[in-house]
Protein chains: 2
Amino acid sequence: MSLPTKNFLKEISLQTDHSKKPTEKQQKIIEAAIKMFAEKGYANTSTSEIAKEAGVAEGTIFRHYRTKDRLLLSILLPFIKKSFPSIAEGVFKEINLDQLTSFEAFLKALITNRIEFIKAHKEIFRILIKEILYNEKLKKELEPFVIKNILSRILPMIERFKEQGELVDLPAETIMRILFTHLFGYFISRFLILPDDIVQDEEAEVEILVNFIMEGLKKRS
Amino acid sequence: MSLPTKNFLKEISLQTDHSKKPTEKQQKIIEAAIKMFAEKGYANTSTSEIAKEAGVAEGTIFRHYRTKDRLLLSILLPFIKKSFPSIAEGVFKEINLDQLTSFEAFLKALITNRIEFIKAHKEIFRILIKEILYNEKLKKELEPFVIKNILSRILPMIERFKEQGELVDLPAETIMRILFTHLFGYFISRFLILPDDIVQDEEAEVEILVNFIMEGLKKRS
DNA sequence: TGTGCGAGTGAGTGATTACTCACTTTTATT
DNA sequence: AATAAAAGTGAGTAATCACTCACTCGCACA
């Protein structure tokens, strides 16, 4: 696989700028591609298979999405665009930051918000994780974007809660890394490895996870 | 990719049974394959690339390993064979189970043991995780093996420590799932996502991780 | 009713894929 | 030194890959 040579994130705007409403066949193609990429991975799915699954001629795929790469990107980019900024905008609005909230409340809102988002786009999330792990190039291109959006927003929060004496006395970067490792690990385990229906009581699940992380990160007495 | 039709785990014995010492060229092939599979993934690596990297004719690969599938398996199977049983045999011998040890000591021994093992076979671990996530077939075939080896050994341990009143009052399966999720998540984050040299003080890292998990799982007062 | 245009088609293309096989070279055994 | 087996080779093969292009179709607008 060879992704576009230039920084592909610039394509986000180009991609969604002149966004005409998709054709019926276009939707079928996207649906089929999402299904098959999530199941077998991008590299193991051929365009002819996608065409067959979508009930469309192979040429139609290339009429709308010039290459197989761009088909993948036209699935992933809107998802990325919607997902990362909304971590801030969604979560930070749900809990009122003007008043002093606890780190626990913040964490609970964050986790609940992300779980609902991933559940709503489970297959695309699977594709994204698979390709980030499988394709070094995609990973490398996404890294600065993630660092900028996540790290720069969460780190100050951690610093603040540390100052409030709520968090364990470790460097903020270390706390961040622990948080990232465990949250990300949880999402991968739950949505990519463990069976789909393993969690019955979602609220209890979040409660356990938050408690778990809080016990590991809160200030020791 | 099409893995062998029959249960491939039976091939473990067949594979390593009549284990003649490998040729110089065989080693070069394996080394090249490990390097490239870990870097680009199995599906994105061609046998001609491997041959070139190993400084060998392409035919030589197929002389020794009949198919590309079997080349992958001859890398993964010895690793799997060595890794899963040794979780029990290694860890369970390190800590003396005859006397009453704490869950914390058990956990620390387990994590230290696994980190050292993965560090010693970092690239093959990466290949295994990538292919388990990417290839549903491999995942499905590995599942019962993992369940049998891990779950059946760890669950009784959890039950026991629960009876000793060390662990939080949740079903053993839930504790197991939390443990698995966070340990597995930690390994994936650390060895597949985060940069290689991020951990300087290994002992402190284990300490933090054990504390973290213990605080989340130990009996609440 | 004609005309232009984007949507859709599918046979065709060159490149690449995993894999084969007739052959040569190296190694082991006597 | 003779011989057989094993290791190594690389041109060749059928299949599949992503992608192209000359073409048809259906529909809006004149």
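Please refer to the structure higher up on the page.
Definitions and limits used
Residues numbered from 1 in each chain as written. Chains lettered and ligands numbered in written order. Predicted model: local features only at pLDDT ≥ 70, side-chain atom pairs only at ≥ 80, totals over all residues. Heavy atoms only, no water. Near = heavy atom within 4 Å. Polar contact = N/O pair within 3.5 Å; in protein donor to acceptor, adjacent residues only side chain to side chain. Helix = DSSP H or I, 4+ residues; strand = E, 2+ residues; numbered from the N terminus. Nonpolar A, V, L, I, M, F, W, Y, C, P; charged D, E, K, R; others polar. Least-squares fit on C-alpha atoms with pLDDT ≥ 70 in both. Contact = heavy atoms within 4.5 Å. Buried < 20%, exposed > 50% of the residue type's maximum accessible area, 1.4 Å probe, protein only. Buried area = accessible area lost by both parts, 1.4 Å probe. Salt bridge = Lys/Arg side-chain N within 4 Å of Asp/Glu carboxyl O.

### Considerations on the protein's contact with DNA strand C
In the neighbourhood of DNA strand C, 17 residues make up the surrounding shell, with A:T23, A:K25, A:T60, A:H64 and B:K68 lying closest. The side chain of A:H64 places a nitrogen or oxygen atom 2.6 Å from a phosphate oxygen of DNA strand C. Within the backbone of B:T45, one N or O atom sits 3.5 Å away from a phosphate oxygen of DNA strand C. Of all the elements in the fold, those that place two or more residues in the surface near DNA strand C are α4 (58-64) of chain A together with α3 (47-54) and α4 (58-64) of chain B. In terms of residues, the surface near DNA strand C owes the most to one element, α4(A), which gives four residues. A class-by-class count of the residues in the surface near DNA strand C yields three nonpolar, nine polar and five charged.

### Points about the relation of the copies chain A and chain B
It takes a turn of 180° to lay chain A on chain B, together with a shift of 0.0 Å along the axis; the resulting RMSD is 0.0 Å. The two molecules are tied by a two-fold rotation axis, judged by turn and shift. Rotation axis and chain A: the residue whose C-alpha lies nearest the axis is A:G185, separated from it by 1.7 Å. In this assembly the copies share their binding face: 100% of the residues contributing to the interface of chain A also contribute to that of chain B.

### Observations regarding the environment of B:G165
Relative to the elements of secondary structure, B:G165 occurs in the loop between α8 (136-163) and α9 (172-193). For B:G165, a relative accessible area of 35% corresponds to the partly exposed category.

### Side note on the interface of chain A and chain B
At the junction of the two partners, chain A supplies 41 residues and chain B supplies 41 residues. Across the chain A/chain B interface, buried area totals approximately 3,600 Å², and carbon plus sulfur atoms make up 66% of it. Interface area lost by chain A to chain B is led by A:L133, A:Y134 and A:F212, which between them contribute 23%. On inspection of chain A and its partner chain B, the count reaches four salt bridges. Taking the shortest distance from any N to any O, the salt bridge between A:K130 and B:E136 comes out at 3.8 Å. Between chain A and chain B we count 16 residue pairs in polar contact (both at pLDDT 80 or more) in total. Counting only elements with at least two residues in the side of chain A that touches chain B, the list comes to α2 (24-40), α7 (122-134), α8 (136-163), α9 (172-193) and α10 (202-217) of chain A. By residue class, the composition of the side of chain A that touches chain B is 21 nonpolar, nine polar and eleven charged.

### Concerning the pattern of salt bridges
Pairs can form between side chains of opposite charge once their charged atoms are near each other. All names here are of chain B. Evaluation of the coordinates by the stated rule reveals 21 salt bridges over all chains. Residues K108 and E207 are paired through a salt bridge, measuring 3.2 Å at the closest nitrogen-oxygen approach. Of the two residues, K108 is situated in helix α6 (residues 103-120) and E207 in helix α10 (residues 202-217); the sequence distance between them amounts to 99 residues. When salt bridges that share partners are traced, they join E116, K119, R190 and E202 into one network.

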